[in-house]
Structure formats: structure tokens, C-alpha cells
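Each chain, letter by letter, is given below.
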Amino acid sequence: MKKVSKLVALSILASVLMSSTTAWGASLSSDSVKGSNNQILTDVTTVAGIGDFSAENGAALSSTFRSPSGIAILPNDSLLVVDTRNHLLRLVKDNQVSTYAGLSLKKDSKGFPIGGRYDGIKEESFFQNPAGLTVDSQGNVFVADAGNNAIRKITPSGQVITLAGNGLIGMKDATGMEATFYNPSDVAVAADGTIYVADTLNHLIRSISPSGQVKTLNALSGRLIEVTPGQVIQSGDYADGILASAKFNEPKGLALDSKGNLYVSDTGNQRIRYIDLQKNTVSTVAGSSLNDTKTGLYGKSDLYAAGDFADGSADKALFNSPQGIAVTDEGGLLIADSNNHSIRYLLNGQVSTIAGAANLRGGEADGADRSAQLRNPSDVAVSKDGSIFVADASNNKLRKISLYRLPTNLPKNDEVKVVYGSQLIKFDVKPEIKEGRTMVPIRAITEALGYQVTFNDAERSVQLSKDGVAIELYIDETGIKRTVQGNDAVMKETDVAPYIKEDTTYVPVRFFAEQIGLNVQWSDAARTAILR
């Protein structure tokens, strides 16, 4: 699920195959349609899962998962999913879901599957709460088997092998199964075969050489917190600088960039860190905390830095439990901002939100960019055509984020235009801009949206109705009234009024469209109001 660079003289094709998140298609920023406030316009859809907490294979949109936490894209464009609470790896291919690796024979007292640990044929192997994964150029799959405190490998021939970790909790550097980990959550593989591990509860970044030697790259935290009276644990800490002295707090996501350096989702610190593996340094590239200038990063008994939500300059952006990450072809970084229920994007020192929003408090509705709903997304991956796939953990679904495209027949001129999804709405009388608002002839827009329009000459009002919802506007007066059948009417203030011009009634497209549940954006470059 990570992008791997050319550290040696590899071909572009090899670089593509080294990473299931490498995107050699559309560039997320440069090829996107920008809406209001420079919002990248995207469409979010569900590609697998109905949301039930189960383990049903079959048709993708009828399948079920239990907390999918990791996702990778195989060279054949199929999706490989870590189905954590089912202790399985699942495959999504040709709109069908099947089990790729893992087996569960027993259930606990609550009826949930019980994992285990066993190498061998992938269909007969056992995993225990697997988390992140990645794929190399030969088609080997590497899995951070968190519950087994081990790093596993699945060969192209279908054999499961334990590369490192003996199953015990610990922090021992050694070769192969003599080494120990503590809840490793993610892995990334470099072009030279080195595997990097986010050893989450040890607060460390570890490496595994091609010969199997496990090495710790950064410093232990040493920060002790009394979580309950008499119970003290080693929590994470925060320090940039020389890699050997740097400190992390429950790192959970890894991604290699085009230079062969490592991005780290430093979850407990609410930051994105960057390890320059040539210079052996660590820096913070995004994220901050509202407490930084008040009490410092941590309070006396805080396990984690305080999370929040803010876009903007990377050094002032705010995250809330950032987890899986993926590098795009234009050098940006996608971030599954789990507790903000959103997908964020770091590019050129700026952080923006491309799907979901913190104020939605989580949900599962498909839709347009920040109107769409996610619930604790845990990982992201980018396909070769630029599509983004999301492991939507608490929804038990896989979601897809696609760039919104304007209609191909959109005129390239300076006239004001209106589109509904991918459909250009045609007007006999052209829309116009008044007081900074897009005003549209009401007859054409209501017909395009399937609404019935009636006029009340006595009250100088216009009413739009469909499916038990009525929207009423008033000629030359601000304000809009919305009535849902069986409920009291609700009035909302507006800053522009409908008007009649040359026997045509114009209404503000944004206000009434939002009242009927549409997302409305304005593309200044295309001079187009976009309704979705």
C-alpha cells in the first residue's frame, strides 16, 4: 500500500509494481476540478461491504467485513484488504469478494472469530488481528500481523512465511523469529528489499534487512505515564532531529516516497513525520496541536497529543488520529484522518480535505467530497488511474474516491453555466451573476431536477415541490421556506432575492439547491455552478 522509489536503476514499470499506492494516472491536484475555496471536487462511492459486522464473501456490494484496517492494490488492479477482526486477508476482484489468505475455525463467547498463528498454504494459514500490508515488485505480500507481534510474508505461490517476530511482546533486535515486536501496525518495502515496520506500541520504526536482520532506527520514548493508580506504562514521545535520537508516539502508517525516504503517520502525536534515510534525520512535515503554546504537547497524564481539525498551512494543520497514508504521483500524501472521519491531502506545504469532514461525526453516506460520510477510515491506497480506495473501518466497507469530471460537452466560454452531476443544463435564457450569486431561470432548473414549479401571483412567491418536500421563495424578497410533509415549515435567511427580468423568473441556485439536499460548488475556471 506504499509507494516505493527507484533506489537503483529500475525501470518505471518496476517502480509501479513495487507499490500498490503508486498512481501513474490522473494527478489529484493538477487534474482536478476546483470548487469553492479551492476544494478538490471528488465523488465517494461504496465498492464493497454492506456495513454488517460479519464475513460474507460473494458479490462485492453484498459482502461483509469486520473492521477492515489495511488496503493495497495488486498489479492486476484488484484490491487486497486486511479484514482485521476476521483475522483474514480478503480479495476484491471483478466485483466479487473472496478470502485471499487466513482461516478461522473457532469463535469466542460473543460469536466473534478467534485468530491464531500458522504458516503454510495461505488458505490454511492463521493470522491474529492483522493490520497494514504492502506488495513488492515480485508480487510478495507483506503483512504487519499485529496480534501475533510478527511480520508475515505471502509468496506469489501462496505460501505464508513468518519473516520476523516470535509472537511474544518485546523489543529485541535479532534475526528473523528471534526478534520481538509490540503490535506492529504497518509495513513498507523498499526497492532493495528492506522492510520498514511501524512498531506501534513500542513507539519505534524498525527495519528488516533482506537477510532478516531486525534493527531499531529511532530512540525509545522513556516517558512514563500512570494510567491508573499504581499502573505505569511507557507512552510515546516527540522529538525531531537525528534519527537515532528521534521519538514517536504510536506510529501507525508508513509510505515511501520517490526519493526512497519514509513518511510516518505519527498517530499519538497527531502529526506526519518524515524520515530522510540518506541523511538519517526526522522532521515534522504536517500537524500541530492547540495545546502546543499553552501546556506543551502533553499534559502531565496525557498519553497522546490533543487532536483537532484544521486545514491550511501544514505546520498549523490539525489531525485527530491520522493512520494509513499513501504517496501520490505528484508527490502529495493522502492521510486517513481516522477520528476526523475524513481523508486529508498534504501537498506543497498545504493540507486540504478531499472527502468527509470532522463535523459530520461519522456516517456512511456516499456523495460529493466533504458531503460524503466516513467512519474512522484507517487506510488509503491509490490505483494507477488515480482512484483512491479507503478502508472505512467502522463502517465495515471499502470506499472509492474519484475525481469529479465536468461534462465533456461543457462549452469553453465565459458564459455562466450550470451542470447537474455530469449533465449540462441547457437554458433558453442564460443564467447570470448578481451580487456574487449565480441566478438561474427557474423553469429550466426545476425541470432538470424533476421538481414541479407553481407561482402564487397574489403572494409573489414561487414554490418547488417533489416527493413531499416544498421549497418556497419570494420575488424581490430574501428568505427561503422549506416544508417537509407532516412537519412545520422552516425559514432560512438568504442574502439575495429572486427577481423577474424580461418575463423570466431568476432564483439563486445555491440556496434552493442546498435546501433540496444538493452539494453546490462554483468552478471559477469553468464559470460553472456544479450541482451534485
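Residues numbered from 1 in each chain as written. Predicted model: local features only at pLDDT ≥ 70, side-chain atom pairs only at ≥ 80, totals over all residues. Heavy atoms only, no water.

Going by an unreviewed UniProt entry, the protein carries the name Copper amine oxidase and comes from Paenibacillus foliorum.

> Sorry if this is basic, but what is going on with the overall build of the protein here?
Counting its secondary structure elements, the protein contains three helices and 44 strands. Each of the three principal axes of the protein carries a C-alpha extent, and together these read 85 × 55 × 55 Å. Residues classed as buried in the protein amount to 55% of the 532 residues present. Restricting the contact set of the protein to residue pairs at least 6 apart, pairs at least 24 apart contribute 48%. By element, 48% of the accessible surface of the protein is carried by carbon and sulfur atoms, the whole surface being about 21,900 Å². (Helix = DSSP H or I, 4+ residues; strand = E, 2+ residues; numbered from the N terminus. Buried < 20%, exposed > 50% of the residue type's maximum accessible area, 1.4 Å probe, protein only. Contact = heavy atoms within 4.5 Å. Areas by Shrake-Rupley, 256 points an atom, 1.4 Å probe, with all protein chains shown as cover.)

> Looking at this structure, how should I read the UniProt feature "repeat: NHL" (unreviewed entry) in the protein?
Taking the UniProt record as the reference, the feature "repeat: NHL" (unreviewed entry) is found at residues 127–157, 248–278 and 373–404. Between the first and last C-alpha atoms of residues 127–157 the distance is 18 Å; the span itself is 0% helix and 52% strand. End-to-end, the C-alpha atoms of residues 373–404 are 17 Å apart, and along that stretch the chain is 0% helix and 56% strand. (UniProt positions renumbered as here; feature names shortened; annotations may be inferred.)

> Please explain the side chain of N149 as it appears in this structure.
You can see N149 is positioned in the loop between β9 (141–145) and β10 (150–154). Looking at N149, the relative accessible area reads 6%, which means it is buried. A distance of 3.3 Å separates a polar atom in the side chain of N149 from the backbone oxygen of G167. With sequence-adjacent residues up to four places away left out, N149 is seen in contact with G165, N166, G167, L168, I169, F181, Y182, N183 and P184. (Polar contact = N/O pair within 3.5 Å; in protein donor to acceptor, adjacent residues only side chain to side chain.)

> Help me understand the nonpolar core in this model?
A general tendency of soluble globular proteins is for nonpolar side chains to be buried together. If you look at the biggest cluster of nonpolar residues, it comprises 28 residues, and the most contacted ones within it are V418, V440, I445, L464, I471, F512 and L531. Counting only elements with at least two residues in this core, the list comes to α2 (442–449), β37 (461–466), β38 (469–474), α3 (509–515), β43 (520–523) and β44 (528–531). If near-sequence neighbours (up to four positions away) are discounted, I445 is found in contact with V418, I425, F427, V440, F512 and L531. Counting 19 residues, the second largest nonpolar core, distinct from the first, contains L28, V44, L334 and I388. (Core = buried A, V, L, I, M, F, W, Y, C linked by side-chain atoms within 4.5 Å.)

> Quick question: what am I supposed to make of the pairing of strand β32 (residues 417–420) here?
Sheet topology places β32 next to β44; four bridges connect them, and they run parallel. Paired with K417 across the two strands is T528, which belongs to β44. In the sheet, β32 pairs with strand β33 (residues 423–424) via two bridges, with the strands oriented antiparallel. In the strand pairing of β33, Y420 is matched with Q423. In sequence, β32 turns back onto β33 through a hairpin of two residues, with G421 there showing a positive phi of about 65°. (Pairing = 2+ DSSP bridges.)

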